[in-house]
Amino acid sequence: MSDEVIRKRLLIDGDGAGDDRRINVLLKSFVKWCHSAAPEEGFTQYQRMLGTLAQCEFSMGKTLLVYDMNLREMENYEKIYTDIEQSITAAHEKIAECKKEILRAKRIRKNRQEYDALAKVIQQHPDRHETLKQLEALDKELQQLSRIKENVEDKLELRKKQFHVLLSTIHELQQTLENDEKSENDESQDSPMENGQMSIVAFSLYGETEETQPVVNKQVELADNVLRLTEERYLPVPYRTPGGGHPPGPVEQPECCVWASEFPHFLLNRVL
Amino acid sequence: MGPVELLHMSVFSQSFSPCGRFLAASNNYGEIAVFSLSSSLSPEATGINQKPILTFTAHEGPIFALLSTDAHLLSAGNGEISAWSWAELAKRNCFPPLRSSLEIPEINDMIVNCRDNSLAVGGGDNNIHIMDLETGVFKSVLQGHTDYIHCLSMREREGELLSGGEDGAVRIWDCRTGQSVHRLEVYKYEECARPQYGKWISCLTTDSDWMLCGGGPSLSLWHLRSLSPTSIFPLSGCQRQAMFYQDLILSVGEGHFLSHCLLGGDVKSLIPCSPPSLNTVALNTNSTEHRVLTVGGSSDQIDVFTNLSYKAFSLSF
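Computed from a predicted structure; not experimentally measured.

Colleague: Can you tell me about the overall build of chain B, naming the residues and giving the values?
Modeller: Along its length, chain B carries three helices and 28 strands. Looking at chain B residue by residue over its 317 residues, the buried ones come to 57%. Put simply, 44% of the contacts in chain B that link residues at least 6 apart link residues at least 24 apart. Counting every atom, chain B has about 12800 Å² of accessible surface; 49% of that belongs to carbon and sulfur.

Right under this line is the structure:
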């Protein structure tokens, strides 16, 4: 116990200077004053003692104030300490939040960059709309061309039929002439049936009911006209379809040309 | 290990333990060194903590591939595949390992297919051998490459295996049927090809949608669905390993730096490292408090990065 007291006193004022010394001096002077004889000296000593006492009181008052101040400072520091603790925890949380944010932002950035990389590759390919437009234009062209082809084919069919008509007419006429020759050669023979057949054929071909001879004349006339037209239009360039396609019915074509070129002389010879 | 041997040492591959506290690295002398990350990353770490806690000779020749499964460390070089128990390695014991039954010349890469618990091993005989991890039996062989295989990668979502080899072709195999689904000849694409280096593919990695491949041709990012190259990275030198990390691409190769690249084709930064040429880069994803990146190459130093932007310290063999 006294150890503690001694330790504390040594801590506070170990060197013997200051307050402790003053109190000791006061005590000593008090004892001396009690033992002193002279009154004026006693008075000065008394005054001096009062002064010392006042000093001691003053110093004690100061110490008390300092003690109060220290207590209040301690409280202040405690408060600041708790404030700082709180802000530290708040900062920790913010840091954790920001770290999550940064991860999210990095993921977003990665996605954006992947998108950009793919977009770069895609840009190298031609635009879809343009390609579609080109396709449409090509489609239209195709349709147009196929229409033209159809028209030309129809025309070709028509001409073929016309030529067929011509050839069958010519053939019939030839037959008729031969029959006439034959009937002329043996006059006894009469072939009304053939003429009748001829007229039926003529009717079926031309829709006219007339006598054999005028029918034959008409046939010759018609054939002549058709031949002339054929000569004018088709002879120089025999049977060419647009597009350089193969004309159908190759057997007919050379025959037609051959007939067309040889026929006038043949027919004229016969008729005249 | 004399100073001359240390000078000529090359670290070929690394692997982190499943708990994330240890790093195993292998070199060209056939040794594996196990480093303790927790002690080397602790604030009171000294020089002694940057040395391995255990070094042992695993194979006679160089070890090219290291792989960690849940409990074992698989190592392969020229010949058999050995499996070491991580629990024993952590306790600084190297028990005799389990060895595979088949000898495959020059195994360059191994990869685990988690779907059917099998190991794909790419080797110098131009084939990929598939081994079942439970039984150790070699199930099948994927044939198709015309030259030895450098690297393997797993496309988790579709269950496909990618392999790149010396013949310049990246082949995509379907794991179940064992057939080659696609074949990409990277050197035939003008923008990637670098004929002065050759046509071999030495690094391959994928995250199911995108693929990075490089080697002789420049490192390029491919979109796997359309099989078209989207970005080419202007890195000089041949890249030996690359990986995707968050929004970056990290790659190492010739040259003493680790390159950070963006997916768009820009090289963001080149971080200098101590080995003059780098062979391997590994990121510890198994542990949150020891989240480090380590690079190793043609030196006995393995650089450790705690922050991706600069080297923190080096571990040495």
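Colleague: Can you tell me about the overall build of chain A, naming the residues and giving the values?
Modeller: What chain A contains, in helices and strands, is seven helices and zero strands. For chain A, the N- to C-terminal ordering of α and β elements is α-α-α-α-α-α-α. Residue burial in chain A is summarised as follows: out of 272 residues, 16% are buried. Taking contacts inside chain A between residues at least 6 apart in sequence as the whole, the part at least 24 apart equals 63%. Put simply, chain A shows about 22100 Å² of open surface, and 58% of that area lies on carbon and sulfur atoms.

Colleague: How would you summarise the UniProt feature "coiled-coil region" (unreviewed entry) in chain A if you had to cite specific residues and measurements?
Modeller: This chain's UniProt record puts "coiled-coil region" (unreviewed entry) on residues 128–162 of chain A. Taken end to end, residues 128–162 of chain A is 100% helix and 0% strand, and its two terminal C-alpha atoms sit 51 Å from one another.

Colleague: Outline the nonpolar core, supporting the account with residue identities and numerical values.
Modeller: Residues and elements named next belong to chain B. Residues Phe16, Leu23, Ala25, Phe35, Ile302, Leu315 and Phe317 are the most contacted members of the largest nonpolar core, which totals 15 residues. Elements supplying a minimum of two residues to this core: strand E1 (11–16), strand E2 (22–27), strand E3 (31–36), strand E27 (301–305) and strand E28 (313–316). Each residue touching Ile302, except ones within four places of it in the same chain, is listed here: Val11, Gln14, Leu23, Ala25, Phe35, Thr294, Val295, Phe313, Ser314, Leu315 and Phe317.

Colleague: For the layout of surface pockets, give the residues involved together with the corresponding values.
Modeller: If you add up the space inside the second largest pocket, you get close to 480 Å³. Together, 22 residues line the second largest pocket, and Lys106(A), Tyr245(B), Gln246(B), Arg291(B) and Leu308(B) are the ones closest to its centre. Mapped onto the lining of the second largest pocket, the elements with two or more residues apiece are helix H3 (39–123) of chain A together with strand E24 (267–272) of chain B. By residue number, the principal contributor to the lining of the second largest pocket is H3(A), which donates five residues. Residue classes in the lining of the second largest pocket are distributed as 10 nonpolar, six polar and six charged.

Colleague: Explain the pattern of salt bridges to me, using residue names and the numbers behind them.
Modeller: Tallied over the full model, the rule gives 16 salt bridges over all chains. In this structure, the salt-bridge partner of Lys110(A) is Asp207(B), at a minimum N-O distance of 3.2 Å. Taken together, the positions of Lys110(A) in helix H3 and Asp207(B) in the loop between strand E17 (201–206) and strand E18 (210–215) put the pair across two chains. The class for Lys110(A) is buried, based on a relative accessible area of 14%. Residue class for Asp207(B) comes out partly exposed when judged on its relative accessible area of 28%.

Colleague: Account for the interface of chain B and chain A, naming residues and giving values.
Modeller: Tallying the contact residues gives 12 residues for chain B and 10 residues for chain A. Buried surface at the junction of chain B and chain A, both sides included, amounts to about 1200 Å², of which 57% is carbon and sulfur. Between chain B and chain A we count two salt bridges in total. Applying the counting rule to chain B against chain A returns five residue pairs in polar contact (both at pLDDT 80 or more). Looking at the side of chain B that touches chain A, the element that brings in the most residues is strand E20 (residues 228–232) of chain B, giving four residues.

Colleague: Any chance you could break down the pairing of strand E7 (residues 81–85) of chain B for me, citing the residues and the numbers?
Modeller: Residues and elements named next belong to chain B. Across the five residues of E7, four count as buried, placing the element largely inside the fold. A loop of four residues connects strand E6 (residues 72–76) with E7, the two strands running antiparallel in sequence, and Gly79 in this loop sits at a positive phi of about 130 degrees. Pairing geometry for E7 and strand E8 (residues 98–99), over two bridges, is antiparallel. Across the sheet, residue Ser82 finds its bridge partner in E8, namely Arg99.

Colleague: Hey, could you go over the sheet that holds E8(B) for me, with residue numbers and the actual values?
Modeller: Residues and elements named next belong to chain B. Spatially, the four strands line up as an open sheet ordered E5-E6-E7-E8, and their pairing is antiparallel. Looking at the sheet topology across the chains shown, the edges are occupied by strand E5 (65–68) and E8. The sheet contact formed by E5 and E6 spans four bridges and is antiparallel. Bridging across to E6, Leu67 finds its partner in Leu74.

Colleague: So what about the environment of Ser180(B)? Which residues, and what values?
Modeller: All names here are of chain B. The residue Ser180 is located in strand E16 (residues 180–185) in this model. Take Ser180: its relative accessible area is 29%, and that puts it in the partly exposed class. Residues Ser180 and Leu161, spaced 19 residues apart in sequence, show a C-alpha to C-alpha distance of 9.2 Å. Excluding residues that lie within four positions of it along the chain, Ser180 makes contacts with Arg171, Ile172 and Trp173. Among the polar contacts made by the side chain of Ser180, one reaches the side chain of Arg171 at a distance of 3.3 Å. Engagement of the side chain of Ser180 in a polar contact is seen with the backbone oxygen of His182, the distance being 3.5 Å.

Colleague: Give me the sheet that holds E24(B): which residues, what numbers.
Modeller: Residues and elements named next belong to chain B. Pairing is antiparallel across the open sheet formed by four strands, whose spatial order is E21-E22-E23-E24. Sheet topology places strand E21 (239–245) and E24 at the edges, where each strand pairs with a single neighbour. Across this sheet, the average inter-strand angle for adjacent strands is 20 degrees, counted without regard to direction. Pairing of strand E23 (residues 257–262) with E24 involves five bridges; the strand directions are antiparallel. Looking across to E24, one finds that Ser259 is bridged to Leu270.

Colleague: Describe the packing of aromatic side chains, and please don't skip the residues or the numbers.
Modeller: Taken as a whole and judged by the stated rule, the model has seven aromatic pairs over all chains. An angle of 35 degrees between the planes, with centres 6.5 Å apart, marks the rings of Phe43(A) and Tyr46(A) as tilted. Within this pair, Phe43(A) and its partner Tyr46(A) are both found in helix H3, separated by three residues, close to a single helical turn. With relative accessibility at 33%, the residue Tyr46(A) sits in the partly exposed group. Summarising the aromatic geometry, the rings of Phe35(B) and Phe317(B) are spaced 6.2 Å apart at their centres and angled 80 degrees between planes, so their arrangement reads as edge-to-face. Of this pair, Phe35(B) sits in strand E3 while Phe317(B) is found in the segment after E28, placing the two residues 282 residues apart along the sequence. Given the relative accessible area of 10%, Phe317(B) is considered buried. Grouping aromatic residues by their ring pairs yields a cluster made of Phe30(A), Trp33(A), Phe43(A) and Tyr46(A).

Reading the values: rules and limits
- Residues numbered from 1 in each chain as written.
- Chains lettered and ligands numbered in written order.
- Predicted model: local features only at pLDDT ≥ 70, side-chain atom pairs only at ≥ 80, totals over all residues.
- Heavy atoms only, no water.
- Helix = DSSP H or I, 4+ residues; strand = E, 2+ residues; numbered from the N terminus.
- Buried < 20%, exposed > 50% of the residue type's maximum accessible area, 1.4 Å probe, protein only.
- Contact = heavy atoms within 4.5 Å.
- Areas by Shrake-Rupley, 256 points an atom, 1.4 Å probe, with all protein chains shown as cover.
- UniProt positions renumbered as here; feature names shortened; annotations may be inferred.
- Core = buried A, V, L, I, M, F, W, Y, C linked by side-chain atoms within 4.5 Å.
- 1 Å grid on protein atoms, 1.4 Å probe; cavity = no way out; pocket = protein on both sides within 12 Å on 5 of 7 lines; lining within 4 Å.
- Points joined across faces, edges and corners; volume = space filled by probe spheres on them.
- Nonpolar A, V, L, I, M, F, W, Y, C, P; charged D, E, K, R; others polar.
- Salt bridge = Lys/Arg side-chain N within 4 Å of Asp/Glu carboxyl O.
- Buried area = accessible area lost by both parts, 1.4 Å probe.
- Polar contact = N/O pair within 3.5 Å; in protein donor to acceptor, adjacent residues only side chain to side chain.
- Pairing = 2+ DSSP bridges.
- Axes fitted to C-alpha atoms, helices over the stretch in contact; angles between N-to-C directions.
- Phe/Tyr/Trp six-rings, centres within 6.5 Å; stacked < 30°, edge-to-face > 60°.

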